[in-house]
Amino acid sequence: MNPQINTTNFNERPFIAIWEVTQACDLACVHCRASAQPDRSPMELSTDEGKHLIDQIADLKVPVFVLTGGDPIKRPDLFELIDHARLAGVRVSLTPSATPLLTKDVIVRLKVSSLARLAVSVDGASAETHDAFRGMSGSFARTLDTVRWANEVGLPVQINTTFSRRNINEIDSIVALMEKLKITLWSVFFLVPTGRGKLNDLLNAEEFEAVFAKVYSLSKTASFDIKTTEAQHYRRFLLQQRVSERKLGIDVASQHERAVDSIGRAPRGLNDGKGFVFISHKGEVFPSGFLPLSAGNIREQELATIYRDSSVFRDLRDTSRLEGKCGSCEFKEICGGSRARAYALTGNPHAEEPCCSYVPRGYAQPAAQLKTATMLHVLQGA
């Protein structure tokens, strides 16, 4: 287990840094936060700028560093960047797209380059569902081939799954598929309606809880670890379940989180801008890839300065600014709700998590008609 898991000070450095190396991608995923396009932008960070960013990541001692896109394979200098990170002492994970560019030879080269983890997406239990998500026939088969190739060369694999109305009815089949694959981590994403993601595809609060229950049940028996992304309130759900089990005399001490490889798990309280930083292909710095509030650009300032001192990040780390249920919640320090989803639905990054069913102790719910009017305001695009 990474020793920095319990020592990362979110005010000083992020626990996770994600660099969108390009927005170029040959897929057209229906939930893509980047609205990726086939061609690379001339405004992308250059190889030298990318190496300088990696050096800053090394100086900050960020435990988890991810190269994402678009499709990172579209960058011809990808392996040069990974090699530079290895020499700088930075452990790199990669999220390529499952297209014909992702070949077995590429997987072998990634292993030789000492990539720490490969993450690919599975958004359905069948080719029909997954390929409809991805906008490309054959993507599902390519993804399963990629997992097999990575297993053959000993490269740890992470599966990312985004749940929405398009695949929620397949959750049991998706869980069954995860149990058959040889993976290190299943990362369960929950839709944030930004980019190509549509508000109509967003699950409601009760459906979130139903997915939480499935994830928690699987976590007790799975050979791989499970984490959630943009579902900070799963931490509240998890604590509630463990308290209930203790009351029933169930030994929860033995239900430890797995660490199959040495990439650390995120501490409690991690949130958009709070232990998390996203660098765009143009060098803009955001609290996450799902929260489009720019805090600066690494072409103009050092990453550490932006993360530590920008008002965007400082405000997001201040839980006293949380509003609605989140501001009154006894779980706000470990959860805090998705700031990205709050912003997507209200335009206010400090608003309450819109997909949480929990009502804090002593909290007086606003009148139903006021909440309905607020949602109508969003749906009308006001």
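From a predicted model like this one, the values you see are computed outputs, not experimental measurements.

So, the overall build of the protein
Piece 1. A count of helices and strands for the protein gives 13 helices and nine strands.
Piece 2. A sequence separation of at least 24 residues applies to 74% of the contacts in the protein between residues at least 6 apart.
Piece 3. With an accessible surface of roughly 16,300 Å², the protein has 51% of that area assigned to carbon and sulfur atoms.

Some words on helix α3 (residues 104–112)
Piece 1. Among the residues of α3, Val106, Ile107 and Leu110 are the ones counted as buried. Taken end-on, α3 shows its buried residues confined to a sector of 100°, consistent with a single buried face. α3 presents Asp105 and Val112 as exposed residues on the side facing more than 90 degrees away from its buried surface.
Piece 2. Of the surrounding secondary structure, the elements contacted by the buried residues of α3 are α2 (78–88), β3 (92–94), β4 (117–121) and α5 (139–153).
Piece 3. Phi turns positive one or two residues past the end of α3, at serine 114, with a value near 65°.

Some words on the side chain of serine 113
Piece 1. The topology assignment puts serine 113 in the loop between α3 and β4.
Piece 2. Apart from the residues lying within four places of it in its own chain, the contact partners of serine 113 are Phe79, Ile82, Asp83 and Arg86.

Observations concerning the pairing of strand β2 (residues 64–68)
Piece 1. Most of β2 sits inside the fold, with five of its five residues counted as buried.
Piece 2. Side chains Val64, Val66 and Thr68 project from β2 onto one buried face, and the interleaved Phe65 and Leu67 project onto a second face that is buried too.
Piece 3. Sheet topology note: the strand β1 (residues 16–20)/β2 ladder contains five bridges and is parallel. Bridged to alanine 17 within β2 is phenylalanine 65.
Piece 4. Direction of pairing for β2 relative to β3: parallel, over a ladder of three bridges.

A short note on the environment of phenylalanine 276
Piece 1. Here phenylalanine 276 shows up in strand β8 (residues 276–279).
Piece 2. Put simply, phenylalanine 276 and phenylalanine 286 are ten residues apart on the chain and 9.0 Å apart in space, counted from C-alpha to C-alpha.
Piece 3. When neighbours within four sequence positions are excluded, phenylalanine 276 is seen to be in contact with Pro14, Ile16, Ile18, Leu270, Asn271, Pro287, Ser288, Tyr307 and Phe313.

Structural notes on the sheet that holds β1
Piece 1. Spatially, β7-β6-β5-β4-β3-β2-β1-β8-β9 is the arrangement adopted by the nine strands of the open sheet, whose pairing is mixed. Edge strands, defined here as strands with exactly one partner in the open sheet, are β7 (225–229) and β9 (285–286).
Piece 2. Pairing of strand β6 (residues 185–190) with β7 involves five bridges; the strand directions are parallel. If you follow serine 187 over to β7, its bridge partner there is lysine 227.
Piece 3. On the sheet, helix α1 (residues 47–60) packs against β1, β2 and β8 and is oriented at approximately 175° with respect to β1.

Considering helix α8 (residues 234–247)
For an α-helix the count is 3.6 residues per turn, leaving residues at separations of three or four pointing the same way.
Piece 1. Taking 1.5 Å of rise per residue, 14 residues should cover 20 Å, and α8 covers 20 Å from first to last C-alpha, within 8% of that figure.
Piece 2. Within α8, burial applies to Tyr234, Arg236, Phe237, Leu238, Arg242 and Glu245.
Piece 3. Buried residues along α8 sit against α7 (205–219) and β7.
Piece 4. At the exit of α8 stands glycine 249, carrying a positive phi of roughly 80°.

So, the nonpolar core
Side chains that are nonpolar tend, in soluble globular proteins, to be buried together.
Piece 1. Residues Trp19, Leu110, Ile159, Met178 and Trp186 are the most contacted members of the largest nonpolar core, which totals 92 residues.
Piece 2. Here this core gets six residues from one element, more than from any other, and that element is α7.
Piece 3. Methionine 178 has contacts with Val122, Ile159, Ile183, Trp186 and Phe224, leaving out every residue within four places of it along the chain.
Piece 4. In terms of nonpolar packing, the next biggest core, distinct from the first, is built from six residues, Cys329, Cys335, Cys356 and Tyr358 among them.

Some words on the pattern of salt bridges
Piece 1. Tallying each qualifying case throughout the model produces 20 salt bridges.
Piece 2. Measuring nitrogen to oxygen at the nearest pair gives 2.8 Å for the salt bridge that ties aspartate 201 to arginine 166. Here aspartate 201, found in the loop between β6 and α7, pairs with arginine 166, found in the loop between β5 (157–163) and α6 (171–180); they are 35 residues apart in sequence, far enough to count as distant.
Piece 3. The exposure class of arginine 166 is partly exposed, given its relative accessible area of 43%.
Piece 4. Lysine 220 serves as the salt-bridge partner of glutamate 245, at 2.5 Å between the closest nitrogen and oxygen.

What about the confidence of the model for the protein?
A low pLDDT means the predicted coordinates there should not be read in detail.
Piece 1. With 88% of its residues at a pLDDT of at least 70, the protein reaches an overall mean of 88.
Piece 2. Considering only residues more than four positions removed or in separate chains, one finds that residues 1–6, a stretch of pLDDT under 50, has 13 contacts.
Piece 3. This model gives residues 256–264 a pLDDT under 50, and the stretch forms 29 contacts once residues within four places in sequence are excluded.

Observations regarding the packing of aromatic side chains
Piece 1. Considering all chains together, one arrives at ten aromatic pairs under this definition.
Piece 2. Three or more aromatic residues link up through ring pairs in this structure, and these residues are Phe190, Phe208, Phe212, Tyr216, Tyr234 and Phe237.
Piece 3. Positioned over the ring face of phenylalanine 79 is arginine 109, at 3.8 Å from the centre of the ring.
Piece 4. The ring of tyrosine 307 is capped by arginine 317, whose NZ or CZ atom sits 4.6 Å from the centre of that ring.

Rules used throughout
Each chain has its residues counted from 1, running along the sequence as written. Per-residue local features are limited, in this predicted model, to residues with pLDDT of at least 70; the limit for side-chain atom pairs, both in listing and counting, is 80 or more; totals at the level of whole chains, interfaces and linings are taken over all residues. Side-chain figures throughout are based on the complete set of non-hydrogen atoms in the structure, without hydrogens or water. In this text, helices come from DSSP runs of H or I with a minimum length of four residues, and strands from runs of E with a minimum of two, each type numbered from the N-terminal end. What makes two residues a contact is simply this: any of their non-hydrogen atoms within 4.5 Å. With residues, only the protein chains shown are counted as cover, and all accessible areas are computed by Shrake-Rupley using a 1.4 Å probe. Here the term buried applies to any residue with accessible area under 20% of the maximum for its type, exposed to any over 50%, and partly exposed to those in between, with areas from a 1.4 Å probe on protein chains only. What the arc measures is the spread of directions leading from the helix axis to the C-beta atoms. Strand pairing requires that DSSP identify at least two bridges connecting the strands. Simply put, an axis is a line fit to the C-alpha atoms, just over the touching stretch for a helix, and the angle between two N-to-C directions goes from 0 to 180 degrees. Multiplying one less than the number of residues by 1.5 Å gives the expected span of a helix. Joining through side-chain atoms within 4.5 Å is the link that ties buried Ala, Val, Leu, Ile, Met, Phe, Trp, Tyr and Cys residues into a set, and such a set is a nonpolar core. A carboxyl oxygen of Asp or Glu within 4 Å of a side-chain nitrogen of Lys or Arg is what we treat as a salt bridge. Per residue, pLDDT captures the predictor's confidence, and it can take any value from 0 to 100. Any pair of Phe, Tyr and Trp rings, taking the six-membered ring for Trp, is counted once the centres come within 6.5 Å. Such a pair is stacked with planes under 30 degrees apart, edge-to-face with planes over 60 apart, and tilted for the rest. Distance and angle both matter: a charge sits over a ring if NZ of Lys or CZ of Arg is within 6 Å of the ring centre and within 35 degrees of the ring normal.

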